Structures are given as structure tokens and as C-alpha cells.
Amino acid sequence: MALPLIKRQLYHLSGNCLNRKKPYPRECRLCLQVCPHGALTEKKEIIMDKCTECGVCMSVCPSDGIIDRDMDKLGDYLFKADNIVLNCPMAEPLGFEIACLGMLDRDTWFSLLLLGEQKEVRIVTGDCGKCDDVKACTASINVLKDILQANPKLLSLKIEIVPFKDDSENPAKEVDKKVKREALLSLRTKSKERFKNILTKLDQIDESYKIPKSREWFAQSLALKPERKIKYKALLVNDDCTGCGVCSKICPQQALEQVQQDDMVKLVYEPYNCVQCSRCVDICGTKALKLDYVNFSDTLLKGKILIKETKIRTCTQCGKPIFHNKEPQLCLPCAAKDPSLKGILY
């Protein structure tokens, strides 16, 4: 039986990083925070001796800032194979090998669940309890559980534990195991050298793209049944919105657009562009925004949605636009002239 394929797959695609797309005072550090091995530097450089390729950094990155070299091949496999079998390196090599379940993000899980309604989908793992990357695998499975809690009828894939067998029919089993362990170690050592050469070339590449690969897969999977409705996270706005437009200005994906028409301000949302980085939610002064599960379809994903209309308010003294819902209806400079309003408007 062939040994499991062990190779270095992940690299940092700096042009996709949200911090580079549109700088923000509170920069995204999700990949650094989630890495269980401390294998990333502040500059998002991968420390090869520490990285185990668990892929959890990739799954939490909203915009493909860290990417697997075989993502395009994986996408082709998902949609062209008669049946889907994904296996990790520590499982029996029964299908397409992925770095680890830890690399599967929310949109990839959605894609697999939707494709599972069309054909058989199997996820084959080794014994995760004995793997150094169990934390990454657990994080990914928790995302799957969250999806299934919102979509209990989407249970259309199988997860099987089939560890790679390192024994044989040879009577000298212990000798055979030792030889195979040494062979695995040799493969890892050689792969590190190959990875160094790959990184040297990749450092000179400034490739970037707007839509993450897994979002493309999700859109393609959802389009297989255009009338299909699922529970999917999207941006919601409540009546506390003042129409200030800060959310649209700081969005790194151009998923929000504010349009003024007469005395109204309209906030338009494009779900396909939204990578759910939560910048808009975090910066909203009135806490009017949130990401939550809603009924979703292919039409909504690819469309432009008017999520809020707000009447423009102006200062009753100077006529300048104001972005609060308090009374009296004054801008800050005009309110500051009245000491009695201290603590109310300023």
C-alpha cells in the first residue's frame, strides 16, 4: 500500500489579506490567534519548522489571505467527480487528499452539504485524538455543527474514521513499521526543502483576487437548485442605523454601498462580496448591524439587497447633516454652544 502523501501546501497570499486590501486601525489577526503551533509571524510569514499544515489559519481567514496550493484542483474535483471522498494525510488514501479537516471553512462545509444532495460525499480522517492537529480539526467540526444546528435537514455527508494502516502481512511487523515511519519522516524532510523553494518563488508573486475560492464553490453549489432555501449568515440592520455610511467606507470587499436619493440614504448589500469579516459590525457606533442566519437562496446571494433606508437628518440651526437619533436635532458644534446639553449630545 502506498504511503500517505505528505507535502507542504499552504502559503500566504498577501494581496488577499484584508489588512492590505483596506487598512483598518484594528487589523485582522485571526490567523495568528487561531494557530495552535505558533507557526505564523506578525508579518504572516509561515515558520516551516512549526507549521503542520493543519489549515486552521486558512479556514478562519475571511479572504484567502492564506491559501492551499491545490485549491483549484480541489474545486475541480468537488464538481467533476461522480462521488466525493476527501481524506486527511493520516487516513487511508481513499480519495482527494486535503491537508487536514482544519482547512474546511464555513463556505466549504456548506458546499459539501449541498453537493451531498446530488452525490455521495465522504470525509475520511485518521484518529484525530492522536494527531497534533486535533485542535484544528475540532474548530472545523464546530463550524459544521453550527451550520447543522441552523440547517438540520442538510445532513447529507458522512464522516468516517479510517486511520492509515502501517502494518502488513509481513511477519516482521515491527521492522516494517519502523521502515515506514522512517520513510514518512524522510518525506517530511524532503517536503520542507521543496517548500523553501516554493516560498522563494511565491514571495515574488503579488496575485490577488476579490472572491474567496470557497465562496465561489458555495455559489456554484447553491445554483444547482436555484429555488433552494437555506439558513445562511448575512448582514442585518436595525432601526438604530443613522445612515452615517462609515460601514460602507471601511468595507474591504465593496459589499456595502450607500446611495443618497432625495432626502433618503439607502444602504445596499451584496452578499456574494461579503466575507463576513465583521468590520462593519464592530465599527457601527449605534450597534445597528449584526451577522445572523437568515433564509437564503441563489438569487439573494448573487443580487444587490436594499437592507436599510434612512431619512437624512440635518441640524435645525446650521443645516449640516447629523448622524444621531437624539433630540434636540443639533450637530456637535451647535450643541456645544449650549452647556445644558453636555452629557446628552456631547
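Parameters and conventions
- Residues numbered from 1 in each chain as written.
- Predicted model: local features only at pLDDT ≥ 70, side-chain atom pairs only at ≥ 80, totals over all residues.
- Heavy atoms only, no water.
- Helix = DSSP H or I, 4+ residues; strand = E, 2+ residues; numbered from the N terminus.
- Buried < 20%, exposed > 50% of the residue type's maximum accessible area, 1.4 Å probe, protein only.
- Contact = heavy atoms within 4.5 Å.
- Areas by Shrake-Rupley, 256 points an atom, 1.4 Å probe, with all protein chains shown as cover.
- pLDDT = per-residue confidence, 0-100.
- Axes fitted to C-alpha atoms, helices over the stretch in contact; angles between N-to-C directions.
- Parallel < 35°, antiparallel > 145°, perpendicular 65-115°, else oblique.
- Left-handed = near helix turned anticlockwise from the far one by under 90°.
- Nonpolar A, V, L, I, M, F, W, Y, C, P; charged D, E, K, R; others polar.
- Phe/Tyr/Trp six-rings, centres within 6.5 Å; stacked < 30°, edge-to-face > 60°.
- Lys NZ or Arg CZ within 6 Å of the ring centre and 35° of its normal.
- Arc of directions from axis to C-beta.

A. Focus on the overall build of the chain. Counting its regular elements, the chain contains twelve helices and 13 strands. In the chain, which comprises 346 residues, the share counted as buried stands at 46%. Of all intrachain contacts in the chain linking residues separated by at least 6 positions in sequence, the fraction that spans at least 24 positions is 72%. Summing over all exposed atoms, the chain offers an accessible surface of approximately 18300 Å²; the carbon and sulfur share of this is 52%.

B. Focus on the confidence of the model for the chain. Averaged over every residue, the pLDDT of the chain is 85; residues scoring 70 or more account for 85%. Note on residues 1–7: pLDDT is under 50 here. Beyond four places in sequence and across chains, it has 24 contacts. Scored below 50 in pLDDT, residues 168–178 shows six contacts in the model against residues more than four places distant or in partner chains.

C. Expanded view of the environment of R20. As for its placement among the helices and strands, R20 is situated in helix α1 (residues 18–21). Under the relative-accessibility criterion, R20 is labelled partly exposed at 46%. Here the alpha-carbon distance between R20 and G65, two residues 45 residues apart in the chain, equals 9.7 Å.

D. Just the packing of helix α5 (residues 106–115) against helix α8 (residues 213–222), in detail. The contact between α5 and α8 brings their axes to 8 Å, and the two run at 25°. Classified by the angle their axes make, α5 and α8 are roughly parallel. Between α5 and α8 the crossing geometry is left-handed. Contact with α5, carried on its side by D107, T108, F110, S111, L114 and L115, involves S214, R215, W217, F218, S221 and L222 of α8 and no other residues of that element. A per-class count over the contact of α5 with α8 returns six nonpolar, four polar and two charged.

E. Spatial organisation of the packing of aromatic side chains. Under the counting rule described, the total for this entry stands at five aromatic pairs. Of the aromatic side chains, those joined through ring pairs into one cluster are F110, F218, Y232 and F296. Here K213 stacks its cationic end above the ring of Y209, 4.8 Å away from the centre of that ring.

F. Summary view of the environment of C17. For C17, the location among the structural elements is in the loop between β1 (10–12) and α1. Those residues in contact with C17, other than ones at most four positions away along the chain, are H12, S63 and G65.

G. The side chain of S111, seen in detail. On the secondary structure map, S111 appears in helix α5. Note on S111: relative accessible area 0%, which makes it buried. S111 has contacts with S214, W217, F218 and S221, leaving out every residue within four places of it along the chain.

H. Broad picture of helix α4 (residues 71–80). All of the buried residues in α4 are M71, L74, G75, Y77 and L78. Down the axis of α4, the sector holding all buried residues measures 160°, keeping them to one side. Summarising the geometry of α4, the exposed residues directed more than 90 degrees from the buried face are K73 and K80. Structurally, α4 contributes buried residues whose contacts are with α3 (56–60), β2 (66–68), β3 (84–87), β4 (96–97), α5 and α8.

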